[in-house]
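The chain contents come next:
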Amino acid sequence: MADRYLHFTGTPAGRLLTRRLGLPQPATLHRWSAERPHLEGALLHLTAGRSTRTEELAAVLARTGLPAGCGNGPVAAVVLDATGVADPAGLAEVHAALHPVVRSVTTSGRIVVLGAVPSPTDHHQAAVQQGLEGFVRSLGKEAGRGVTVNLVRIEGGAGAAESTLRFLLSPKSAYVSGQAVTVTDAEPGAVADWDRPLSGRTALVTGAARGIGAAVAATLARDGARVICLDVPQAGEDLERTAARLGGTALALDITAPDAADRITAEASAGLDVLVHNAGITRDRRLANMDAARWASVIAVNLTSVLDTTDALLKTGTLRAGGRIVATASIAGIAGNNGQTNYAASKAGVIGLVRSLAPRAYAEHGVTVNAVAPGFIETKMTAAVPLLIREAGRRMNSLAQGGDPVDVAETTAWLAHPASTPVNGQTVRVCGQSLLGA
Ligand SMILES: NC(=O)c1ccc[n+]([C@@H]2O[C@H](COP(=O)([O-])OP(=O)(O)OC[C@H]3O[C@@H](n4cnc5c(N)ncnc54)[C@H](O)[C@@H]3O)[C@@H](O)[C@H]2O)c1
């Protein structure tokens, strides 16, 4: 369903009228394309407090493809290293560093604050490092013009955050804002080719016939993966078409079938590297009107199948060392939603699964487990939402527009990246910093 308001505000008359009336002014976001793969403008590397990572970070930032800024010309991205901030005086340096430059960031630009993990033993450091989260979330709401603001907490060296910084400082993260992501000190997997990081790897995407799943399959294929596209047999033609377009294979299978994991193992006989749990359904009713069948079908597709296939594919070793699991939650699982007790329970369940399994899956199998939590994404699922609620969903976020399936797909591809080993147990919202559950 086209966002006509976004189109209208992109015209000179629309811009004038909406500005006069004080209505939301969504910017046209710069998303990744082969023609425009990088942000357009310079990168400013700033520091607050005393950092021990300056040189290593500079080397990582030099590899993002963005020229270093020297004070004049458009600024596409600002990276503020606040890892050494440990008291309120350091926090004042955060203000002093960003205050003069925040206005010069271009449309669809990026502000990334690097923090440290709040200390369990030093409450002064913990207070100000937690303070950075409030700072980032507020700046995300103020920035406007499609500028995103995110916090990356690093446990170890800046090198562990390379895949994360490359993602956040690229057009691939256009709809990710107001997030706090922790990067551990785990050793990143080797990358032979940053343009095709999944080359030689096999990925399975559930619910791949259409919507977000089809975009995920296409993005992983762009990154070099051989994709197995799974969807229900009723989705037959769409599924075949998606798989054929990507040079992948189609697996017509209901993910809730008792033999689903066996069928996947048979299809991926040489092993799997990336497992994307994307298939999902809604069966909305308020609890008082919800029969047991609506409850059961949503839990079965959105949660039980995720638990069962994850367990089986780890146990059989089908998902091999260096593997990645990316599950699909929802902001409804964080904020709750009227008429969605079943759906929100299933999606909050996915977040619980990720949090609990991630450390064990990595220790025992060398596999990371993360989730994406989409906000309002323009798909057939949201096209079915009543008009007024749909308009509210689109506008009630810092970017004043809905996301595209590709926004969730790019976030999934970052989590599936071989160099993203240090990103584990995270739930990353792809919601333009929605007001819901923020
Ligand atoms: N669209 C949004 O705004 C939004 C927001 C938050 C979360 N999500 C989640 O993102 C995921 C994709 O959503 P979408 O908007 O692309 O939905 P969609 O309805 O367009 O696509 C979902 C796909 O999953 C498939 N599927 C459903 N049940 C299945 C089963 N039992 N076995 C195999 N495949 C099955 C469907 O056939 C369909 O192709 C879902 O998990 C959804 O809950 C979407």
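Bear in mind that the values here come from a model prediction, so they are computed numbers and not experimental data. (Residues numbered from 1 in each chain as written. Predicted model: local features only at pLDDT ≥ 70, side-chain atom pairs only at ≥ 80, totals over all residues.)

Peer 1: Which residues make up the sheet that holds strand S5 (residues 180–183), and what values do they have?
Peer 2: The five strands are arranged S1-S2-S3-S4-S5 in an open sheet whose pairing can be described as parallel. Each end of this open sheet is capped by a strand with a single partner; those strands are strand S1 (42–49) and S5. On average, adjacent strands in this sheet sit at an angle of 20° to one another, irrespective of strand direction. Relative to strand S2 (residues 75–84), S1 runs parallel, the two sharing seven bridges. Residue pairing for S2: Leu44 is matched across the bridge by Val78. Strand contacts of helix H4 (residues 88–98): S1 and S2, with the helix running at about 155° to S1, the strand carrying the most contacts. Where helix H5 (residues 123–143) meets the sheet, it contacts S2, strand S3 (105–115), strand S4 (148–154) and S5, and its direction lies at approximately 165° from that of S4. (Pairing = 2+ DSSP bridges. Helix = DSSP H or I, 4+ residues; strand = E, 2+ residues; numbered from the N terminus. Axes fitted to C-alpha atoms, helices over the stretch in contact; angles between N-to-C directions. Contact = placed C-beta atoms within 7 Å.)

Peer 1: So what's going on with the sheet that holds strand S7 (residues 226–231)? Residues and values would help.
Peer 2: Spatially, seven strands are ordered S8-S7-S6-S9-S10-S11-S12 in an open sheet, and the strand pairing comes out parallel. Edge positions in the open sheet fall to strand S8 (249–252) and strand S12 (427–430), since each of these has one partner strand only. In this sheet, neighbouring strand axes are inclined to one another by 20° on average, regardless of whether the strands run parallel or antiparallel. As paired elements, strand S9 (residues 272–277) and strand S10 (residues 319–328) share five bridges and run parallel to each other. Counted as the bridge partner of Leu275 is Ile325 from S10. Against the sheet, helix H7 (residues 211–222) engages strand S6 (202–206), S7, S9 and strand S11 (368–374), with an angle of about 170° to S6.

Peer 1: Hey, could you go over the site of the ligand for me, with residue numbers and the actual values?
Peer 2: In the neighbourhood of the ligand, 27 residues make up the surrounding shell, with Gly207, Gly211, Gly280, Thr379 and Met381 lying closest. If you list the elements that add at least two residues to the shell around the ligand, you get H7 and helix H13 (380–383). For the shell around the ligand, the class distribution of residues is 12 nonpolar, 11 polar and four charged. (Near = placed C-beta within 6 Å. Nonpolar A, V, L, I, M, F, W, Y, C, P; charged D, E, K, R; others polar.)

Peer 1: Could you give an account of the pairing of S6, naming the residues involved and the relevant values?
Peer 2: Counted residue by residue, S6 has five buried out of five residues, so it is predominantly covered. Two strands pair when backbone bridges link them, and S6 and S7 are joined in this way by five bridges, in the parallel orientation. Residue Thr202 lies in a different strand from S7, and its bridge partner there is Arg226. You can see the chain leave S6, run along H7 and come back into S7, and the turn it takes is right-handed. (Buried ≥ 20, exposed ≤ 12 C-beta atoms within 10 Å, placed from the backbone. Right-handed = clockwise from strand over helix to strand, strands pointing away.)

Peer 1: Can you lay out the nonpolar core for me, pointing to particular residues and giving the numbers?
Peer 2: Counting 128 residues, the largest nonpolar core has Val205, Ala217, Leu220 and Cys229 as the members making the most contacts within it. In terms of residue count, helix H12 (residues 341–365) provides more of this core than any other element does, nine residues in total. Looking at which domains feed residues into this core, each of domain 1 (34–183) and domain 2 (202–430) gives three or more. Apart from residues lying up to four places away in sequence, Val205 is in contact with Gly213, Val216, Ala217, Leu220, Val227, Cys229, Leu230, Val276 and Asn278. (Core = buried A, V, L, I, M, F, W, Y, C linked by C-beta atoms within 7 Å. Domains from an automatic or database assignment.)

Peer 1: Can you lay out unusual backbone geometry for me, pointing to particular residues and giving the numbers?
Peer 2: For Ser108, which is not glycine, the phi dihedral falls at a positive 60°. Positionally, Ser108 belongs in strand S3. On the neighbour-count criterion, Ser108 (21 C-beta atoms within 10 Å) is buried. Unusually for a residue other than glycine, Gln433 sits at a positive phi of about 60°. Here Gln433 shows up in the segment after S12. The exposure class of Gln433 is buried, given the 24 C-beta atoms found within 10 Å.

Peer 1: Residue-level account of H5, with values.
Peer 2: With 21 residues, H5 ought to run about 30 Å at 1.5 Å a step, and its terminal C-alpha atoms sit 30 Å apart, in line with that. Buried residues of H5: Val128, Gln129, Leu132, Phe135, Val136, Leu139, Gly140 and Ala143, and no others. All buried residues of H5 project into a common sector of 130° when viewed along the axis, lining one side. H5 presents His123, Gly134 and Ser138 as exposed residues on the side facing more than 90 degrees away from its buried surface. Of the surrounding secondary structure, the elements contacted by the buried residues of H5 are S2, H4, S3, S4 and S5. At the C-terminal side of H5, Gly144 shows a positive phi close to 70°. (Expected span 1.5 Å × (residues − 1). Arc of directions from axis to C-beta.)

Peer 1: With reference to specific residues and values, describe the domain arrangement of the protein.
Peer 2: Looking at the protein, the domain boundaries give domain 1 (34–183) and domain 2 (202–430). Domain 1 and domain 2 are separated by 29 Å when their C-alpha centres are compared. Counting residues at the interface gives 19 residues for domain 1 and 16 residues for domain 2. Looking at the side of domain 1 that touches domain 2, the elements with two or more residues in it are H5, helix H6 (162–168) and S5. No other element matches the four residues that H6 contributes to the side of domain 1 that touches domain 2. Partitioning the side of domain 1 that touches domain 2 into residue classes produces seven nonpolar, nine polar and three charged.

Peer 1: Describe the pairing of S10, naming the residues involved and giving the relevant values.
Peer 2: The side chains of a regular strand alternate, first on one face of the sheet and then on the other. With seven of its 10 residues buried, S10 lies for the most part within the structure. In this region the chain leaves S9, passes through helix H10 (residues 292–315) and returns to the parallel neighbour S10; the handedness of that crossover is right-handed. With five bridges connecting them, S10 and S11 associate as parallel partners. Residue pairing in the sheet places Arg324 in a bridge with Thr368 of S11.

Peer 1: Describe H4, listing the residues and the values that go with them.
Peer 2: All of the buried residues along H4 are Gly90, Leu91, Val94, Ala97 and Leu98. Down the axis of H4, the buried set is contained in an arc of 115°. They therefore lie on one face. Of the exposed residues in H4, the ones pointing more than 90 degrees away from its buried face are Pro88, Ala89, His95 and Ala96. Those residues of H4 that are buried lie in contact with S1, S2 and H5.

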